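The primary structure of each chain is shown beneath.
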Amino acid sequence: MSENTDLIIVGGGISGASLLYTVAKFTDVDDVTLIEKEREIAAINSHRTNNSQTLHFGDIETNYTLEKAEEVKEGAELLAGYLEGTDPDREMHSKRSKMVLGVGDEEVAKLEERYHENGFGDLFPKLREIGREEIEELEPKVVEGRDRSTELKALQTPDGYVVDYGAVAKSFVDAARAEDGVSVHLGTAVENVDEGRDGFTVETDDGDFEADAVVVAAGSHSLQFAKEMGYGEHMSLLPVAGSFFLADDLLNGKVYTLQMKKLPFAAVHGDADVHDDGVTRFGPTAKLVPALERGELSTVSDFADVFGFSPGSVLSYVNILSDRILFPYVVRNLVYDIPEVGKRAFLPNVQKVVPTVDVDDIERAKGYGGVRPQIVNTETKELDMGEAKITGDGILFNITPSPGASTALKNAMTDVQTVLDFFDGDHEFDEDAFREATIENFPRVDDEADADTESDADAEGDADDSDDRVPAEADD
């Protein structure tokens, strides 16, 4: 059996789902097929238990440069706009306060410099500099039990989107399926992608698919497919598994700590869960694992395929892991997984956010956490921060570590242009309609000010009506 289509997307996580949605809804490509090896959409890293549920804008991520924040900001606003427009009942997301916390003179000075001198206050109009009293109003547990002599400051914003990325991916696929010419195959494992003279054959355990163009959006496996086809020879992966610790409802929103600029991994933060505000998560940890999926031993050999055991890969790992900042960090994170010892070692990270927490108040979250593929450039022997795209003749490979979920729609918009180039300009992308369905719904400062003005006017109107009625009732 062989099925013919214009475009095949391999991978049904948030990246593949957002591209399917964008192609199906906003281009005139006739036939598009998504193939996913799991029996449901977003079953691996996009699942709500396997990531920190954060929509990254770049406002409180203190390892981002201003340039990086500018790039991420538009992507986050695209997704936030989509959520505002399609999820009014907040079944896929919630919106809470979000802040990055500076503790002590040195960290407070860094936040002040970031906000006033580095341009972040200008880039993010909703971001506010707040002191101990306002922090306590928003997050009482952050201040409770903390030494009053310790300097405390935060950069806070109301745009603390907490997102179930798995649910969002499913909504993308559902919206795409409503369009003609869309086919979704779940529980179908891709075994090989073969490039021929007239297109591509995607071989699966449920038959072959023929297509003019292919996008592989399969997380860490994207590089595996690329290398099998002769692409990405200068690249390897450093797979990092994140874990979390759970506590009761200690926080109302998101509280981040300052991050090290040299590390690509998120600093420990506390978050209220997207579906259960009675649970607070702390994490993530960052443990190196020789596998492409968490808890899947079969992907150890997949990692070996990606690593390649070439001199370039080996020397790259040695160079990266011998770093005087990264190496102690890696060792520390290994300790966090040891029963009992681990949570005692992790406790100071939690107490940085909530000082009164004791070791008995936290438990390691069993079954939580995914794998984030950090990209290694085997030519420079260094980590490449951010996402990677490998483009061939009619084929695109996407490798998306954090914040790939946050920027999924922006990546999809970029990838659509690449895909349309594959078709030599025979199809078009309605970018205006795409933006109208996404970023145009994102609430701006001016919009919120107008809404507040209207509310005040309505209140004054109600008060005026009341004043008119009272004398009449008195006359009666």
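Residue positions are given per chain, counted from 1 along the sequence in the order it is written. For this predicted model, a pLDDT threshold of at least 70 governs which residues receive local features, and a threshold of 80 or more governs which side-chain atom pairs are given and counted, while totals over whole chains, interfaces and linings are taken from all residues. Side-chain calculation: all heavy atoms of the structure are included, whereas hydrogens and water are not.

Turning our eyes to something else, we now look at unusual backbone geometry. A cis amide bond, omega 0 degrees, links Gly283 with the succeeding residue Pro284. Inspection of the secondary structure puts Pro284 in the loop between strand E14 (279-283) and strand E15 (287-288). Even without a glycine there, the phi angle at Arg90 is positive, about 55 degrees. Elements are defined by DSSP. Helices are runs of H or I of four residues or more, strands are runs of E of two residues or more, and each kind is numbered from the N terminus. Note that Arg90 resides in the loop between helix H2 (66-86) and strand E3 (93-103). Note on Arg90: relative accessible area 39%, which makes it partly exposed. Even without glycine at this site, Glu340 takes up a positive phi of about 65 degrees. Along the polypeptide, Glu340 turns up in the loop between helix H11 (326-335) and helix H12 (341-353). Throughout, exposure labels follow a simple rule: accessible area from a 1.4 Å probe, protein chains only, divided by the maximum for the residue type, with under 20% read as buried, over 50% as exposed, and the rest as partly exposed.

All right, on to H2 then. A helix is expected to reach a length of 1.5 Å times the quantity of its residues less one. End to end, H2 covers 30 Å across 21 residues, agreeing with the expected 30 Å (1.5 Å per residue, within 8%). Every buried residue belonging to H2 is among Ala69, Val72, Lys73, Gly75, Ala76, Glu77, Leu78, Leu79, Ala80, Gly81, Tyr82 and Leu83, and all of these are buried.

It is worth spelling out the packing of aromatic side chains at this point. For Phe, Tyr and Trp, rings pair up if their centres lie within 6.5 Å, where Trp contributes its six-membered ring, and each pair is then called stacked (planes under 30 degrees apart), edge-to-face (over 60) or tilted (otherwise). Inspection of the entire model under this criterion finds 14 aromatic pairs. Ring centres 5.4 Å apart and planes at 75 degrees place the aromatic pair Tyr21 and Tyr82 in the edge-to-face group. Within this pair, whereas Tyr21 is found in helix H1 (residues 14-26), its partner Tyr82 is found in helix H2, the two being separated by 61 residues in sequence. The buried category is assigned to Tyr82, whose relative accessible area is 3%. Ring centres of Phe57 and Phe442 lie 5.9 Å apart, and the angle between their planes is 35 degrees; on these two criteria the pair is classed as tilted.

The definition of a nonpolar core used throughout is a set of buried Ala, Val, Leu, Ile, Met, Phe, Trp, Tyr and Cys residues joined through side-chain atoms within 4.5 Å. Counting 63 residues, the largest nonpolar core has Leu7, Leu20, Leu55, Val168 and Phe172 as its most contacted members. Residues are treated as being in contact if the distance between any of their heavy atoms lies within 4.5 Å. Residue contacts for Leu7: discarding those within four places in its chain leaves Val23, Asp31, Val32, Thr33, Ala211, Ala213, Val214, Val215, Val419 and Phe423. In terms of nonpolar packing, the next biggest core, distinct from the first, is built from 41 residues, Tyr231, Leu292, Ile320 and Val376 among them.

To continue, consider the sheet that holds strand E18 (residues 382-384). A strand pair is defined by DSSP finding two or more bridges across the two strands. The four strands are arranged E15-E10-E17-E18 in an open sheet whose pairing can be described as antiparallel. Every other strand in the sheet has two partners, leaving E15 and E18 as the edge strands with one partner each. Note that strand E17 (residues 371-377) and E18 share three bridges and pair antiparallel. Looking at the pairing, Ile375 lines up with Asp384 of E18. Helix axes are fitted only over the stretch in contact, all axes being lines through C-alpha atoms; the angle between N-to-C directions runs from 0 to 180 degrees. Against the sheet, helix H10 (residues 311-321) makes contact with strand E10 (235-241), E15, E17 and E18, and its axis sits at roughly 45 degrees relative to E10, the strand it touches most.

Moving on: the layout of surface pockets. Space inside and on the surface of the protein is sampled on a 1 Å grid over the protein atoms alone, with a cavity defined as a set of points where a 1.4 Å probe fits but cannot get out and a pocket as an open set with protein on both sides within 12 Å along at least 5 of 7 lines; lining residues have an atom within 4 Å of a point. Grid points are joined across faces, edges and corners, and a volume is the space filled by probe spheres set on the points. As a volume, the second largest pocket reaches approximately 660 Å³. Lining the second largest pocket we find 29 residues, and of these Thr257, Leu258, Gln259, Met260 and Ala267 sit closest to its centre. Of all the elements in the fold, those that place two or more residues in the lining of the second largest pocket are helix H3 (105-117), H11 and H12. The classification used treats Ala, Val, Leu, Ile, Met, Phe, Trp, Tyr, Cys and Pro as nonpolar, Asp, Glu, Lys and Arg as charged, and all other residues, Gly among them, as polar. Here the lining of the second largest pocket is built from residues that sort into 14 nonpolar, seven polar and eight charged.

This brings us to the confidence of the model for the chain. In low-pLDDT segments, the atomic positions of the prediction should not be examined closely. The predictor attaches a confidence to each residue, and that confidence, scored 0 to 100, is pLDDT. For the chain, per-residue confidence averages 90 on the pLDDT scale, and residues scoring 70 or more make up 92% of the total. Of the regions scoring below 50 in pLDDT, residues 465-476 engages in zero contacts with residues more than four places distant in sequence or in other chains.

This paragraph deals with the sheet that holds strand E12 (residues 254-257). The eight strands are arranged E4-E5-E3-E12-E13-E14-E11-E16 in an open sheet whose pairing can be described as mixed. Each end of this open sheet is capped by a strand with a single partner; those strands are strand E4 (128-131) and strand E16 (363-364). The sheet contact formed by strand E13 (residues 269-272) and E14 spans four bridges and is antiparallel. Paired with Ala272 across the strands is Thr280, a residue of E14. Strands in contact with H12 are E3, strand E11 (245-248), E12, E14 and E16; relative to E14, the strand with the most contacts, it is inclined by about 105 degrees.

Another aspect to go through is the packing of H2 against helix H7 (residues 165-177). Where H2 meets H7, the closest approach of the two axes is 12 Å, and the angle between their N-to-C directions is 75 degrees. What the angle tells us is that H2 and H7 run roughly perpendicular. Contact with H2, carried on its side by Leu79, Tyr82 and Leu83, involves Tyr165, Val168, Ser171 and Phe172 of H7 and no other residues of that element. The class makeup of the residues in the contact of H2 with H7 is six nonpolar, one polar and no charged. Should an angle fall under 35 degrees it is called roughly parallel, over 145 degrees roughly antiparallel, and 65 to 115 degrees roughly perpendicular, with every other angle called oblique.

Glancing now at the domain arrangement of the chain. For every domain, the bounds stem from an assignment made automatically or drawn from a database. Assigned domains within the chain: domain 1 (1-53 + 164-234 + 386-444) and domain 2 (238-249 + 284-378). Each of domain 1 and domain 2 has a C-alpha centre, and these two points are 28 Å apart. Taken together, the contact pairs 20 residues of domain 1 with 20 residues of domain 2. Buried area: the accessible area, evaluated with a 1.4 Å probe, that two parts lose upon being put together, summed over both parts. Approximately 1700 Å² of surface area, both sides summed, lies buried where domain 1 meets domain 2, with 53% of it carried by carbon and sulfur atoms. The rule for a salt bridge is simple: a side-chain nitrogen of Lys or Arg has to be within 4 Å of a carboxyl oxygen of Asp or Glu. At the boundary of domain 1 and domain 2, one finds one salt bridge. What qualifies as a polar contact is a pair of N or O atoms within 3.5 Å, subject to a donor-acceptor requirement within protein and to the restriction that residues adjacent in sequence count only when both atoms come from side chains. The tally of links between domain 1 and domain 2 comes to twelve residue pairs in polar contact (both at pLDDT 80 or more). The element best represented in the side of domain 1 that touches domain 2 is helix H8 (residues 221-228), accounting for four residues.

A separate point is the side chain of Ser183. With respect to the helices and strands, the residue Ser183 is situated in strand E6 (residues 182-185). At a separation of 2.8 Å, a polar atom in the side chain of Ser183 contacts the side chain of His185. Sequence-distant contacts of Ser183, defined by excluding residues within four places in its chain, comprise Glu3, Val32, Thr33 and Leu34.

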